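The lines below spell out each chain.
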Amino acid sequence: MWWVWWVSIVVGIMAVIIKIYLEKIKGRCTSKADLTGKTAIITGANAGIGFATAEDFARRKCRVIMACRNMERGEKARAKLVEKTGNTNVVVRKLDLGYMASVREFVEKILKEEPRLDILINNAAAAGAKRLITSEALEYTLATNHLGPFLLTNLLLGLLKKSGASRIVMVSSLVNIIGKINFDDMTWIRKFDNGEPYFDTKFANILFTKELSRRLEDSDVVINCLHPGTVRTELLRDVPQPFKLFINTIGRLYFKSPDEGAQTTIHCAVCDATKGISGQYFMDCKPSDHTWYINKKAYDEGLAKKLWEVSEQMTGMTSS
Ligand SMILES: NC(=O)c1ccc[n+]([C@@H]2O[C@H](COP(=O)([O-])OP(=O)(O)OC[C@H]3O[C@@H](n4cnc5c(N)ncnc54)[C@H](OP(=O)(O)O)[C@@H]3O)[C@@H](O)[C@H]2O)c1
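Residues numbered from 1 in each chain as written. Predicted model: local features only at pLDDT ≥ 70, side-chain atom pairs only at ≥ 80, totals over all residues.

Side note on the overall build of the chain
For the chain, the helix and strand inventory stands at ten helices and eight strands. Here the chain has a C-alpha radius of gyration of 20 Å; the compact-globule value for 320 residues is 20 Å, and the two agree. Along the first, second and third principal axes, the C-alpha atoms of the chain reach 70 × 50 × 40 Å. Summarising the internal contacts of the chain: among those between residues at least 6 apart in sequence, 75% fall at separations of at least 24. (Helix = DSSP H or I, 4+ residues; strand = E, 2+ residues; numbered from the N terminus. Rg over C-alpha atoms; globule rule 2.2 N^0.38 Å. Contact = placed C-beta atoms within 7 Å.)

Here is the structure:
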């Protein structure tokens, strides 16, 4: 059975080479920016990449608004954050992006309470395994990953503009490359498989980024999107067990930690190097508008404009 040894050695060497390569390409935000006096909203800040982003901002002395759909999980995460960073200027506010009424309620409270907003991180997302139509007749994954962030960002634009040079970050994903927008079936009546709505909405994040950056050309507000890398988080909590076991095993070896996964978000939100840059797609703290990493239709302005109009109608947002 000598060949078993050879195969094991080759597989072992390949595993080490892949690990070294992945470590080498990991981007890290090197900015030492202090965020005293600034305010940031982070959606889905109670877990994963969102929590790591909130922790970084809290260490930079930012006022952090953790926008969470579950207040109990949010308050628990806040307590952990305060304990880790010593920053008590951290609050939890209720936001379920799957419901436009919740988005409106959240914004109403923010506009009442907050005099400024410097950073908006659209981080929360669901990789829903089941098709779920909400009481607002919207599909929950589409609402959480695209329509909610679309409405939230638009309703907060006034406050962002008023606060001077402010930044919006959309956390998308590399899977955007296989996403598509089916305007005649926005709730996936014809076909809903486990991945499709997630891929499509992550592509929608990119089209939204590009369209909004064009609309913000004459303002001080910038918007960029990114792929955080493959990160050990709870995102795939709903996938079937054998697949989950496989992912968790590989994940322990190769995936980024949440802190590493948050680096590109932080880079886009605070770094001097990204100041004034808008409409770009980042990976590992670098602009990455290469056809391998971004959907071929990402530059289709007609498609982005149409998605904007359809999203306005679906969210009940009056045209600005
Ligand atoms: N992990 C990866 O490998 C990976 C790769 C590419 C892109 N991303 C992107 O990275 C971002 C963060 O994901 P993650 O990996 O950190 O996942 P995660 O650990 O599952 O965190 C997702 C966060 O979003 C929140 N959330 C989900 N649905 C929501 C809703 N309807 N309203 C408000 N909040 C909601 C979750 O709240 P609950 O705790 O209440 O569920 C949680 O706080 C996502 O945009 C994801 O698409 C991740």
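Looking at the site of the ligand
Around the ligand, the surrounding shell holds 28 residues, and the nearest of these are Gly 44, Gly 48, Ala 124, Ala 125 and Thr 233. With three residues, helix 2 (residues 48-59) is the largest single contributor of residues to the shell around the ligand. Grouping the constituent residues of the shell around the ligand by class yields eleven nonpolar, 13 polar and four charged. (Near = placed C-beta within 6 Å. Nonpolar A, V, L, I, M, F, W, Y, C, P; charged D, E, K, R; others polar.)

Comments concerning the packing of helix 6 (residues 196-215) against helix 10 (residues 301-315)
Closest axis-to-axis distance for the helix 6/helix 10 pair is 9 Å, and the angle between their directions is 100 degrees. Between helix 6 and helix 10, the interaxial angle falls into the category roughly perpendicular. Residue-level contacts link Ala 204, Leu 207, Lys 210 and Glu 211 of helix 6 to Leu 303, Ala 304, Lys 305, Leu 307 and Trp 308 of helix 10. Its residues placed into classes, the contact of helix 6 with helix 10 shows six nonpolar, no polar and three charged. (Axes fitted to C-alpha atoms, helices over the stretch in contact; angles between N-to-C directions. Parallel < 35°, antiparallel > 145°, perpendicular 65-115°, else oblique.)

Regarding the nonpolar core
Membership of the largest hydrophobic core comes to 80 residues, with the highest contact counts inside it found for Ala 40, Ile 42, Ala 54, Val 64, Met 66 and Ala 67. When residues in this core are grouped by element, the largest group, eleven residues, is from helix 5 (residues 140-162). Residues within four places of Met 66 in sequence aside, it is in contact with Ile 42, Ala 45, Asn 46, Ala 54, Gly 74, Ala 77, Arg 78, Val 90, Val 91 and Val 92. (Core = buried A, V, L, I, M, F, W, Y, C linked by C-beta atoms within 7 Å. Buried ≥ 20, exposed ≤ 12 C-beta atoms within 10 Å, placed from the backbone.)

Some points on the packing of helix 5 against helix 6
The contact between helix 5 and helix 6 brings their axes to 8 Å, and the two run at 15 degrees. As judged from the angle between their axes, helix 5 and helix 6 are roughly parallel. The crossing of helix 5 and helix 6 is right-handed. Here Thr 141, Leu 142, Asn 145, His 146, Phe 150 and Thr 153 of helix 5 lie close against helix 6, whose contacting residues are Pro 197, Tyr 198, Thr 201, Lys 202, Ala 204, Asn 205, Phe 208 and Leu 212. For the contact of helix 5 with helix 6, the class distribution of residues is seven nonpolar, six polar and one charged. (Left-handed = near helix turned anticlockwise from the far one by under 90°.)

What about the environment of Gly 37?
Positionally, Gly 37 belongs in the loop between helix 1 (2-25) and strand 1 (39-43). Looking at Gly 37, the number of C-beta atoms within 10 Å reads 10, which means it is exposed.

Considering the pairing of strand 5 (residues 167-171)
Burial of strand 5 is extensive: five of the five residues sit out of reach of the surface. Where burial is concerned, the two faces of strand 5 agree: the one with Arg 167, Val 169 and Val 171 and the one with Ile 168 and Met 170 are both buried. Both strand 4 (residues 119-122) and strand 5 contribute to a ladder of four bridges, which runs parallel. Considered in strand 5, the bridge of Asn 122 is made with Met 170. As a crossover connection, the stretch from strand 4 through helix 5 into strand 5 is right-handed. Pairing of strand 5 with strand 6 (residues 222-227) involves five bridges; the strand directions are parallel. (Pairing = 2+ DSSP bridges. Right-handed = clockwise from strand over helix to strand, strands pointing away.)

Points about the sheet that holds strand 7 (residues 281-283)
The eight strands are arranged 3-2-1-4-5-6-7-8 in an open sheet whose pairing can be described as mixed. On the outer flanks of this sheet lie strand 3 (90-94) and strand 8 (286-287), each paired with one strand and no other. Across three bridges, strand 6 lies against strand 7 in parallel orientation. Note on strand 7: the bridge partner recorded for Leu 226 is Phe 282.

Some remarks on the environment of Gly 158
Locating Gly 158 in the fold gives a position in helix 5. Residues Gly 158 and Trp 292, 134 residues apart in the sequence, show an inter-C-alpha distance of 35 Å.

Regarding the pairing of strand 3
Where strand 2 (residues 63-68) meets strand 3, five bridges bridge the pair, whose relative direction is parallel. The partner of Val 64 across the bridge, within strand 3, is Val 90. Running through helix 3 (residues 71-85), the crossover from strand 2 to the neighbouring parallel element strand 3 is right-handed.

Describing helix 2
With twelve residues, helix 2 extends 17 Å from end C-alpha to end C-alpha; this agrees with the ideal 16 Å at 1.5 Å per step. In the segment just after helix 2, Lys 61 is the residue with positive phi, at about 70 degrees. (Expected span 1.5 Å × (residues − 1).)

In short, shape yes, function no, at least from these values alone.
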